[in-house]
Amino acid sequence: MTQEPLSEPVPKQRDTNDVRALPVLPVRDTVLFPHAVLPLTVGRESSVQLINSLGEDKTIVVVAQREARVDTPQPSDLYTVGTSAIVHKVVKMPNQSLFVFAEGLERVRLGEFTQLSPFMRAKGAPIPEAIPPTSSQIEALQRNVLTLFQQIVAGSPTLSDELSTVAMNIDEPGRLVDFIASSLPSLSTPDKQDTLETLDTKVRLEKINQHLAKELEVQQLRNKIQSEVQDRVQQTQREYYLREQMKAIQKELGEQDEGQRDVEDLKKKIDEAGMPDEVKKEALKELGRLSRMSPMAADYSLTRNYVEWLAVLPWAKTSGQEIEIPKAKEILDTDHYDLEKVKDRILDYLSVRRLKPNMKGPILCFVGPPGVGKTSLGKSIARALGRKFVRLSLGGVHDEAEIRGHRRTYIGALPGQIIQGIRRAETKDPVFMLDEIDKVGRDFRGDPASALLEALDPEQNSSFRDNYLDVTFDLSKVLFITTANMLDPIAEPLRDRMEIIELQGYSEEEKLHIAFRYLIPRQVEENGITAEQIEFPEEAVRYIIRHYTREAGVRSLERTIGTICRKQARRLAEGKTEKLVVTQEVIQQFLGGIKIRTEGEIEERTERPGVAVGLAWTPSGGDVLFVEANAMKGKGGFTMTGQIGQVMQESMQAALTWVRSNAAHLGIADEFFADHDIHMHVPAGAIPKDGPSAGVTMATTLVSLLSGKHVRPLTAMTGEITLSGNVLPVGGIKEKVLAAKRAGVTTIILPAENKMNVEEDLTPQQLENVTIHYVKTIGEALRVSLPEVAESLAAKSILPPPKETKAEHTQVQPVQPPVVAQDKVVTWHS
């Protein structure tokens, strides 16, 4: 017991006595542990001088650098704890560097540096190894560390199995930790240095245990990944081997593999397709490339799809059906009522085609309001011609590639919609309808309307080139039909390539015929009832047309009829089996109150001076609009309201100028315009309006206001005026006349130059009960609308002798003017 206190200071006294200056060898990315032999490559000039200066005493201190990038380390660049070592062997290398074998002795703490050049020398105090007392915890840690190290060595292809044997023969736990730390290549330099500086053996065991557990987990994961990769490689090699065996077996049996069968099938399709020589040459070239490709190649499916597209297109296949003209006329008449212009154009085409079978297909454009049968007419034409029908909706299309296709270099590339439609038709001469061509978009992806120029040009579409096919395809036999609600949005070059055929709106009589021939039978069938269970009298259908629909076409009318049929279907489902006869009371019960204003509005609103009725054209047909004017005390101001456009404002100014220039003849005092303000307004202020054709109406309104005479009852008018009082022709005559008749107008004033439009576009039945006056000047218009005022103009030779053209004069039943929708743009069409 007395020796234990004395034995403790002995090592400390030894440390103090053994402190001596030793050469310091800095090393990069390496830590030398006691009892370990480390081969070192010495290349620095200072380090080479250090090794060469060693005499009989081969002891040095090996210290790791903090930063491996420092080429000339200073004391501050070195760790403070290193390992004293003995240099056993030095080998000179051809590049003047030295290969040194050093064996670690013990830990050393560096003190004062006594020399810095040509190499460093410092005092090093040995750090004695503290041997801990044996305990179960230390033993457990030691065994666990040894087991983990053995597992790592066993699973690592780079570590020798002898390391496990050496580790098993080390009994001291501290020495075992040093050995394992020096043997693990995955342990970083800072971690090794931390292990070297840790003097507590238990702490060192715990740290190395953590490192070993982490390394074992990483190693197991790496082995798993490597095993999976190896399995996949072996599976691929196995499949390749089996595939080669299959080829050899098929060759012996005289059979072909799937790839060869595809090539043979495509070759047969190419031979039967009737391609032009250039296209066939390109197809066979791509087929040759395909036959040399492996099915596993990246381009195999792309090339196969391209060849298949070339092979399945109908290069030479036509309908081959000769249609008789009377039969075609019968089909057109069966499917559609009226539309004589369109039917005549189709029959003309058939007649020319019989005389010249190789003629080019026309490019027709059906323009008209919604619901007049443009799209369904295309289907009927295809049926009359005995051809396939293909429809492509262009509404909202923004991408030029939708028309021409994408280049084959793009992933997922396909031909354009035109070529795809030809493939679906399976003939080279289908009826191809391009619906809603006026709604084609345009943005940064291109202009589809420009891409249509080639397809819709009869002089160019015989060699239409799709971007995907990159070969020409003949579209000259295709009968292209386009539809539009308005011509204005269509680009002028595209419009020039098409033959425009206008489909005007239907009159009440025409809607009545269409309802009984098409709409009522179709809705009765679609709603699951029979003709014996519901009856639509003519008076009821007229009531629906007048008071529940306002349109140029018949879509709304069909929906309304469908609503009544559904109500009857519900009654039948509830057990009420009696037949329903549709009357006005039934209509109001099923559809609610009438949607159109009551009769007599035109008479009521034109009873006071300063109100006239004009005629307007809208995308959904024609309409009547009122123009009102009023005067009040002021300073000669002129106000225009009603959300009117620039052109319409100019028409108001022109009308006012004409009235002021003829004020004396109209009996208006000269000072009136200086002392009064005039306000002109076009009701339905929420609807934008524009166009010059309201000039006559505005001039009549002003003359009526200033003369104090009201306009002739049930009179409507349209026409553009000039400052000299001439009336110029306008457009949309049929729609405007039909709208006036629907509104109960009996007298219509039109420009004289529009007489031809009336004679061509309107039938005597449509003009029944309506008197039309054709005028060349505003004076002639005033003779009709304001007879009393016209007398003073005639006296001054402003008004020529009267001229009028009348339709049959019979009693007209007033029809309610339509309610103007709140989202519609009204155009006073010129």
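Keep in mind that this is a model prediction, so the values were computed, not measured.

## Section: the packing of helix H21 (residues 555-573) against helix H22 (residues 584-591)
To characterise two packed helices, one gives the angle between the axes of the helices and the distance between these axes. Where H21 meets H22, the closest approach of the two axes is 10 Å, and the angle between their N-to-C directions is 90°. The pairing of H21 with H22 is recorded here as roughly perpendicular in orientation. Facing Thr560, Thr563, Ile564, Lys567 and Arg571 of H21, the residues of H22 in contact are Ile587, Phe590 and Leu591. For the contact of H21 with H22, the per-class residue count stands at four nonpolar, two polar and two charged.

## Let's talk about helix H12 (residues 325-335)
For H12, every residue scored as buried is listed here: Ala328, Ile331 and Leu332. One side of H12 carries all its buried residues, which in axial view fall inside an arc of 95°. Residues of H12 that are exposed and point over 90 degrees away from its buried face: Pro326 and Glu330. Summarising the contacts, the buried residues of H12 are in contact with helix H13 (340-355) and helix H14 (374-385).

## Quick word on the packing of aromatic side chains
For the structure shown, the criterion picks out seven aromatic pairs. Seen from their ring centres, Phe149 and Phe179 are 6.3 Å apart, and the 75° between their planes marks the pair as edge-to-face. Placement of the pair is Phe149 in helix H4 (residues 136-155) and Phe179 in helix H6 (residues 173-183), with a sequence separation of 30 residues. Seen from their ring centres, Tyr543 and Tyr548 are 6.0 Å apart, and the 55° between their planes marks the pair as tilted. Seen from the ring of Phe626, Arg605 lies directly overhead, with NZ or CZ sitting 3.9 Å from the centre.

## Remarks on the pairing of strand S7 (residues 363-367)
The element S7 is extensively covered by neighbouring structure, given that five of its five residues are classed as buried. Going residue by residue along S7, you find Ile363, Cys365 and Val367 tucked away on one face and Leu364 and Phe366 tucked away on the opposite face as well. In the sheet, S7 pairs with strand S12 (residues 479-484) via five bridges, with the strands oriented parallel. The residue of S12 that forms the bridge with Cys365 is Thr482. Here S7 pairs with strand S13 (residues 499-502) via four bridges, running parallel. Looking at the pairing, Phe366 lines up with Ile501 of S13.

## Let's talk about H6
Burial within H6 is extensive, with nine of its 11 residues counted as buried. Buried residues of H6: Pro173, Gly174, Leu176, Val177, Asp178, Phe179, Ile180, Ala181 and Ser183, and no others.

## Topic: the sheet that holds S7
On the basis of which strands lie adjacent, the open sheet formed by five strands has the order S8-S9-S12-S7-S13 and parallel pairing. In this open sheet, the two edge strands, each paired with only one partner strand, are strand S8 (389-393) and S13. The mean inter-strand angle of the sheet, taken between neighbouring strand axes irrespective of direction, is 20°. Looking at chain direction, S8 and strand S9 (residues 431-435) are connected through five bridges and run parallel. In the sheet register, Phe389 faces S9, and the bridge partner there is Val431.

Rules and cut-offs
Residues numbered from 1 in each chain as written. Predicted model: local features only at pLDDT ≥ 70, side-chain atom pairs only at ≥ 80, totals over all residues. Heavy atoms only, no water. Axes fitted to C-alpha atoms, helices over the stretch in contact; angles between N-to-C directions. Helix = DSSP H or I, 4+ residues; strand = E, 2+ residues; numbered from the N terminus. Parallel < 35°, antiparallel > 145°, perpendicular 65-115°, else oblique. Contact = heavy atoms within 4.5 Å. Nonpolar A, V, L, I, M, F, W, Y, C, P; charged D, E, K, R; others polar. Buried < 20%, exposed > 50% of the residue type's maximum accessible area, 1.4 Å probe, protein only. Arc of directions from axis to C-beta. Phe/Tyr/Trp six-rings, centres within 6.5 Å; stacked < 30°, edge-to-face > 60°. Lys NZ or Arg CZ within 6 Å of the ring centre and 35° of its normal. Pairing = 2+ DSSP bridges.

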